[in-house]
Amino acid sequence: MLSERRLEVLRAIVHDYVGTEEPVGSKALTERHSLGVSPATVRNDMAALEEEGFIAQPHTSAGRIPTDKGYRLFVDKLAGVKPMTAPERRAIQNFLDGAVDLDDVVGRTVRLLAQLTRQVAVVQYPSLTRSTVRHVELLSLAPARLMLVLITDTGRVEQRMIDCPAPFGETALADLRARLNSRVAGRRFADVPQLVQDLPEAFETEDRGTVATVLSTLLETLVEETEERLMIGGTANLTRFGHDFPLTIRPVLEALEEQVVLLKLLGEVQDSGMAVRIGHENAHEGLSSTSVVSVGYGSGSEAVAKLGVVGPTRMDYPGTMGAVRAVARYVGQILAES
């Protein structure tokens, strides 16, 4: 374990390096920070931090820079994330409140995160498998043709056409719509099959074939492995950090083009707490010079998807974590109210 004083020295090095992009020397540290000890003591502390792998000396400079291990300790020992100011919070709310549908919510969230953090923003669409049914609409298109519209609690809308085995009247359709919604509205997808299995028995014999067809279409819609969708924005922000990537930003850009890589980066949705993965903690080789800050968002206490940012390891972690958390909270509120 590092002593509190050495941890304070490490914090000061991270702070200065993130702010100035320049390796940090002991003289500058003692001048900029009230560490309460002599430059000689700070030099000794820096030597100990270097020996333990928390900081390193780039070959061209007398100063030191944090390593992945140093950033990791800095993040783990953070007293708190940087809160958003009241004007920032208002700006977030006003920008997101203008969204008209789920695509717009996700699109605005990506733009907002990229602007706030000046990093690459990644937002996962809410997954159907973690949703509940808000409403099922049934519309008659022809005597034996219906349209089923499934609306989820996260604002996602799925439409399916149904060819019925026999004509189905408006009265029977209204009855089916009412009975179906009374059973499934507000229920989790996983519970729906059991809730509707005996529904055909409530109808006249000649209508049961159509009711069974509607139910099988609904269940197929619920269990379909809908592709996990993502939206990404702010990739151009990476060009501001060219010198933070050892050789070139190309491997980073290539990794960001792979959806599977991005989904893995964000992590499992059930781990909905704030996650920070630094440098070589990212399994994908192209992202070993980046850090990823992600968190779950949802319309209640349960996360339905994740969002986050990707940037260089030389990142303002408290500020980035604060922005990511604030945006996730507002998106959750919008989904709850939509």
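Residue numbers restart at each chain and count upward from 1, following the sequence in its written direction. Local features in this predicted model are restricted to residues of pLDDT 70 or higher, and side-chain atom pairs are both shown and tallied only at a pLDDT of 80 or more, whereas totals for entire chains, interfaces and linings draw on every residue. Only heavy atoms go into the side-chain values, all of them from the structure, while hydrogens and water stay out.

Enquirer: An account of the packing of helix α7 (residues 170–184) against helix α9 (residues 205–223) is needed here, citing residue identities and associated values.
Expert: Every angle, taken between N-to-C directions, lies between 0 and 180 degrees, and every axis is a line fitted to C-alpha atoms, over only the stretch in contact when it is a helix. In this description a helix means any DSSP run of H or I spanning at least four residues, a strand means any run of E spanning at least two, and both kinds are numbered starting from the N terminus. Taken N-terminus to C-terminus, the directions of α7 and α9 make an angle of 40°; their axes are 12 Å apart at the nearest point. Put simply, α7 runs oblique to α9. Crossing hand, α7 versus α9: right-handed. Side by side, α7 and α9 meet where A172, L176 and L180 of the first sit next to D207, V211, V214, L215 and L218 of the second. Angle categories: roughly parallel below 35 degrees, roughly antiparallel above 145, roughly perpendicular from 65 to 115, and oblique for all the rest. What makes a crossing left-handed is the near helix being turned counterclockwise from the far one by less than a right angle; a clockwise turn instead makes it right-handed. Should any heavy atoms of two residues lie within 4.5 Å, those residues are considered in contact.

Enquirer: Summarise a nonpolar patch on the surface; cite the residues concerned and give the values.
Expert: In this analysis, a patch consists of residues with relative accessible area above 30% that form no salt bridge, clustered at 9 Å for like charges and at 5 Å for the nonpolar side chains Val, Leu, Ile, Met, Phe, Trp and Tyr. Accessible surface is estimated by sampling points in the Shrake-Rupley manner with a 1.4 Å probe; for residues, cover comes only from the protein chains shown. Salt bridges are counted wherever a side-chain nitrogen of Lys or Arg sits within 4 Å of a carboxyl oxygen of Asp or Glu. Judged by side-chain polarity, L139, L141 and M161 come together as a nonpolar surface patch covering roughly 260 Å² of accessible area. Along the polypeptide, L139 turns up in strand β4 (residues 133–142). L139 sits in the partly exposed class, given a relative accessible area of 34%. Accessibility here uses a 1.4 Å probe with only protein chains present; expressed as a share of the type maximum, an area under 20% marks a residue as buried, one over 50% as exposed, and anything in between as partly exposed.

Enquirer: Could you give me a rundown of the packing of helix α1 (residues 4–20) against helix α4 (residues 68–76), with the residues and numbers involved?
Expert: Here α1 crosses α4 at 110°, and the two axes come no closer than 10 Å. Relative to α4, the element α1 is oriented roughly perpendicular. Seen from α1, the contacting residues are L7, L10, R11, V14, Y17 and V18; seen from α4, they are G70, Y71, L73 and F74. In this count, Pro and Cys sit with the nonpolar residues alongside Ala, Val, Leu, Ile, Met, Phe, Trp and Tyr, while Asp, Glu, Lys and Arg are called charged and the others, Gly among them, polar. Here the residues of the contact of α1 with α4 sort into eight nonpolar, one polar and one charged.

Enquirer: Tell me about the domain arrangement of the protein chain, and name the residues and values.
Expert: Splitting the protein chain by domain gives domain 1 (2–65), domain 2 (84–125 + 227–335) and domain 3 (127–223). Segmentation of the chain into domains, including their bounds, is taken from an automatic or database domain assignment. Using C-alpha coordinates to define each centre, domain 1 is positioned 30 Å away from domain 2.

Enquirer: Which residues make up the layout of surface pockets, and what values do they have?
Expert: A probe matching the size of a water molecule, rolled over the atoms, marks out where space remains unfilled. Its boundaries defined by the atoms lining it, the largest pocket holds a volume of some 490 Å³. Listing elements by their share of the lining of the largest pocket, those giving two or more residues are β2 (65–66) and α4. Partitioning the lining of the largest pocket into residue classes produces nine nonpolar, eight polar and four charged. Here the lining of the largest pocket spans two domains, since at least three of its residues come from each of domain 1 (2–65) and domain 2 (84–125 + 227–335). Computed from the structure, the second largest pocket encloses a volume of approximately 410 Å³. Surrounding the second largest pocket, 20 residues form its lining, L116, T117, R118, D316 and T320 being those nearest its centre. For each structure, a 1 Å grid was placed over the protein atoms alone; sets of points admitting a 1.4 Å probe that cannot get out are labelled cavities, open sets with protein on both sides within 12 Å along at least five of seven lines are labelled pockets, and lining residues have an atom within 4 Å of a point. Grid points are joined across faces, edges and corners, and a volume is the space filled by probe spheres set on the points.

Enquirer: Give a detailed account of the pairing of strand β8 (residues 275–278), specifying residues and quantitative values.
Expert: Alternating positions in β8 separate cleanly, V276 and I278 being buried on one face and A275 and R277 remaining unburied on the opposite face. The pairing criterion for strands is at least two bridges between them, as found by DSSP. Relative to strand β9 (residues 290–297), β8 runs antiparallel, the two being bridged by four bridges. If you follow V276 over to β9, its bridge partner there is V293.

Enquirer: Explain the side chain of K306 to me, and be specific about the residues and the numbers.
Expert: Inspection of the secondary structure puts K306 in strand β10 (residues 305–312). A polar side-chain atom of K306 sits 3.0 Å from the main-chain carbonyl oxygen of L266. Counted as a polar contact is a pair of N or O atoms within 3.5 Å, where, for protein atoms, one must be capable of donating a hydrogen and the other of accepting one, and residues adjacent in sequence contribute only when both atoms are in side chains.

Enquirer: Account for the nonpolar core, naming residues and giving values.
Expert: If you look at the biggest cluster of nonpolar residues, it comprises 57 residues, and the most contacted ones within it are L29, Y297, L307 and Y317. With eleven residues, the single largest contributor to this core is helix α12 (residues 317–337). Two domains each donate at least three residues to this core, and these are domain 1 (2–65) and domain 2 (84–125 + 227–335). We call a set of buried Ala, Val, Leu, Ile, Met, Phe, Trp, Tyr and Cys residues a nonpolar core when their side-chain atoms join them within 4.5 Å.

Enquirer: Could you give an account of helix α6 (residues 102–117), with specific residues and numbers?
Expert: Multiply 1.5 Å by the residue count of a helix minus one, and that product is the helix's expected span. With 16 residues, α6 extends 22 Å between its outermost C-alpha atoms, agreeing within 8% with the 22 Å of an ideal straight helix rising 1.5 Å per residue. Most of α6 sits inside the fold, with twelve of its 16 residues counted as buried. The complete set of buried residues in α6 reads L102, D104, V105, V106, G107, R108, T109, V110, L112, L113, A114 and T117. Sitting at the head of α6, D101 places a side-chain oxygen 3.3 Å from the backbone nitrogen of D103.

Enquirer: Mind laying out unusual backbone geometry, listing which residues take part and the relevant values?
Expert: Positive phi, close to 65°, is recorded for E21, a residue that is not glycine. Its location among the elements puts E21 in the loop between α1 and α2 (26–32). The phi torsion at R118 lies on the positive side, around 55°, for a residue other than glycine. In this fold, R118 is placed in the loop between α6 and β3 (120–124). Residue R118 is classed as partly exposed on the basis of its relative accessible area, which comes to 47%.

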